[in-house]
Amino acid sequence: MRAMQIVRESGPDSALELVEVPEPEPSNMLTAGEGVVIDVHAAGVSFPEVLQSRGQYQLRPALPFVPGSEVAGVVRSAPAGARVKPGERVAGFCGLGGFAETAVAPEFFAFPLGDELDFAQGAGLILNYHTAYFALALRGRLGKGETVLVHGAAGGVGTAALQVARGLGGQTIALVSDEGKARVAERAGAGQVVMLGEGWKDEVKTRSQGGVDVVFDPVGGDRFTDSLRALREDGRVIVVGFTGGSIPEVRVNRLLLNNTSVVGAGWGAYVMSKPELNREVGAAIERMVDAGTVRPIVGERFPLERAGEALRVIDERRATGKVVLDVRAA
Ligand SMILES: NC(=O)c1ccc[n+]([C@@H]2O[C@H](COP(=O)([O-])OP(=O)(O)OC[C@H]3O[C@@H](n4cnc5c(N)ncnc54)[C@H](OP(=O)(O)O)[C@@H]3O)[C@@H](O)[C@H]2O)c1
């Protein structure tokens, strides 16, 4: 089969090569010997692959390896008792191996793909949406009617958070750095959009009548203190990532004075060993797809062999929505 391999850890421009490799065994690193084999139509591209192209991600397989954590395609085979069946359209989380014509996902990470969604949208359905649900519902305990500020709101995780927050009955305020990204956040269903710049925190406080209940933060960096200041009493900042480049530090007296919390949300480490939880989150997302709230926003698309360019889009802060590789012709 055709696949893109990381052959050296030299960054998006030169790390990847198109190769012919044998098809994988029906086995995944998370469930040896019993995975769902998927004929891949589209593969999702995310921050971890950018880091892997430089050898900077925590998961660092021996070279060469096929990256790609999630795919959408058609089931070729599934273990006995699996919820998905051969011939069915699915979204699958495989961890590695997604930038290829065939990939393998654990049974508990393969979800039926509704007719409402195409393969490109399916390739953006697990990492971002499960993270958003995990962060907002399970870690942040978002309640109906609460207001959520979403940083990086035009990005992959950001657009997912806007939709999942709405699906949970929340109101959303999107924070973005330019007009183009404002349009993307609106397309994702943002209730209100605020531009990043001097005074964004005051604008958010005004728009939320005094402060938000939850800040969803995949960016971190130097805006963190203002995120804390944008909270109302009992508010929570949910830490999701650090695309801003630096890891903020918290002066905990602020939390005491204002009765607020900082909550960590690391999806992968938490869910990998909990099959039942993944099924529950998958079912919740499926209900939001059925209700029309979840519609993954697909940004730039590239053919498989141009995966390096896809990584560069993310690396250069140009990504909107989910960046996708088209692996097979539609
Ligand atoms: N905790 C978890 O379990 C989990 C799961 C999945 C992903 N993540 C993490 O979440 C983060 C976001 O992932 P994503 O796929 O949404 O990325 P993305 O699509 O590239 O979006 C990231 C957003 O961050 C903002 N940003 C601010 N400073 C930036 C910079 N220097 N470079 C790039 N972007 C910058 C940008 O928004 P503006 O330009 O509008 O500011 C951008 O839209 C990553 O760190 C990823 O590793 C965490």
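To start, this report covers the structure provided alongside it. Throughout this document, residue positions are counted from 1 along each chain, in the order its sequence is written. Confidence filtering applies because this is a predicted model: local features only for residues at pLDDT of at least 70, side-chain atom pairs given and counted only at 80 or more, and all residues used for totals across whole chains, interfaces and linings. Excluding hydrogens and water, the side-chain figures rest on all heavy atoms present in the structure.

## Quick word on the packing of helix α3 (residues 127-139) against helix α4 (residues 156-167)
Here, axes are lines fitted to C-alpha atoms. For helices the fit covers the stretch in contact, and angles between N-to-C directions go from 0 to 180 degrees. Secondary structure is summarised from DSSP: a helix means a run of H or I of at least four residues, a strand means a run of E of at least two, and numbering begins at the N terminus for each. As a packed pair, α3 and α4 sit with axes 8 Å apart at the nearest point and diverge in direction by 55°. Taken together, the axes of α3 and α4 lie oblique to each other. Crossing of α3 against α4: the hand is right-handed. For the pair formed by α3 and α4, the contact residues are N128, Y129, T131, A132, Y133 and L136 on the first element and G156, V157, T159, A160, A161, Q163, V164 and A165 on the second. In what follows, roughly perpendicular refers to angles from 65 to 115 degrees, roughly parallel to angles under 35, roughly antiparallel to angles over 145, and oblique to any angle outside these ranges. Crossing handedness is defined as follows: a turn of the near helix away from the far one that is anticlockwise and smaller than a right angle gives a left-handed crossing, while the clockwise case is right-handed. In what follows, a contact means two residues having at least one pair of non-hydrogen atoms within 4.5 Å.

## Looking at the packing of aromatic side chains
Here is the rule: rings of Phe, Tyr and Trp (six-membered ring for Trp) pair when centre to centre is within 6.5 Å. Planes less than 30 degrees apart are stacked, more than 60 are edge-to-face, and the remainder are tilted. With the rule as written, the count across this model stands at five aromatic pairs. Between F93 and F109 the ring centres are 5.0 Å apart and the planes differ by 55°, which places this aromatic pair in the tilted class. In this pair, F93 sits in strand β5 (residues 89-93) while F109 sits in the loop between β6 (102-105) and β7 (110-112), placing the two residues 16 residues apart along the sequence. Type-normalised accessible area, obtained with a 1.4 Å probe on protein chains alone, sets the label of each residue: buried when under 20%, exposed when over 50%, and partly exposed for intermediate values. Judged by relative accessible area, which is 6%, F93 ranks as buried. Geometrically, the ring pair formed by F108 and F109 is tilted, given 5.0 Å between the ring centres and 45° between the ring planes. F109 carries the same exposure label as F108, and that label is buried. Sitting over a ring, as applied to charges here, requires NZ of Lys or CZ of Arg to be within 6 Å of the ring centre and within 35 degrees of the ring normal. If you follow R89 out to its NZ or CZ, it ends over the ring of F119, 4.8 Å from the centre. The lysine or arginine in question, K274, covers the ring of Y270, its NZ or CZ lying 3.9 Å from the ring centre.

## Points about the sheet that holds strand β8 (residues 147-150)
The pairing criterion for strands is at least two bridges between them, as found by DSSP. Read from one edge to the other, the open sheet built from six strands follows the order β10-β9-β8-β11-β12-β13, with strand pairing classed as parallel. Where the open sheet ends on each side, the last strands, each with one partner, are β10 (192-195) and β13 (261-264). Averaged over all pairs of adjacent strands, the angle between strand axes in this sheet comes to 20°, irrespective of strand direction. Relative to strand β9 (residues 171-176), β8 is paired through four bridges, and the arrangement is parallel. When the sheet's bridge partners are listed, V150 is paired in β9 with A174. The strands that α3 touches are β8, β11 (212-217), β12 (231-239) and β13; relative to β11, the one it contacts most, it runs at about 150°.

## Quick look at a nonpolar patch on the surface
Side chains of M29, L30 and L59 sit close together on the surface and give an oily, nonpolar patch of about 250 Å² of accessible area. The residue L59 is located in the loop between α1 (47-52) and β4 (70-77) in this model. To count toward a patch, a residue needs a relative accessible area above 30% and no salt bridge. Like charges then connect within 9 Å, nonpolar side chains (Val, Leu, Ile, Met, Phe, Trp, Tyr) within 5 Å. Values of accessible area rely on a 1.4 Å probe in the Shrake-Rupley scheme; residue burial ignores everything except the protein chains shown. By definition, a salt bridge exists where a carboxyl oxygen of Asp or Glu is found within 4 Å of a side-chain nitrogen of Lys or Arg.

## Some thoughts on the pattern of salt bridges
Throughout the structure, instances matching the rule amount to 25 salt bridges. For E17, the salt bridge goes to R8, with nearest N and O atoms at 2.9 Å. Overall, the relative accessible area of 37% leaves R8 in the partly exposed class. Across the salt bridge formed by D13 and R312, the nearest N and O atoms sit 2.5 Å from each other. Here R312 lies in helix α11 (residues 307-315) and D13 lies in the loop between β1 (2-6) and β2 (16-20), a separation of 299 residues in the sequence. Taking relative accessible area as the criterion, D13 reaches 59% and is therefore assigned exposed.

## Side note on the site of the ligand
Here a residue counts as near a molecule or strand whenever at least one of its heavy atoms sits within 4 Å of it. Residues in close proximity to the ligand total 22 residues, the closest being S177, K181, V240, A265 and W267. Identification of polar contacts relies on pairs of N or O atoms within 3.5 Å, with a donor-acceptor requirement for protein atoms, meaning one able to donate a hydrogen and the other able to accept it, and with residues adjacent in sequence counted only if both atoms are side-chain atoms. Measuring from an oxygen atom of the ligand, one finds a backbone N or O atom of V157 at 2.8 Å. Within the contact set of the ligand, an oxygen atom lies 2.9 Å away from a side-chain nitrogen or oxygen of T243. Those elements giving two or more residues to the shell around the ligand turn out to be α3 and α4. Polar here means any residue outside two lists: the nonpolar Ala, Val, Leu, Ile, Met, Phe, Trp, Tyr, Cys and Pro, and the charged Asp, Glu, Lys and Arg; Gly therefore counts as polar. Per-class residue counts for the shell around the ligand are 11 nonpolar, eight polar and three charged.

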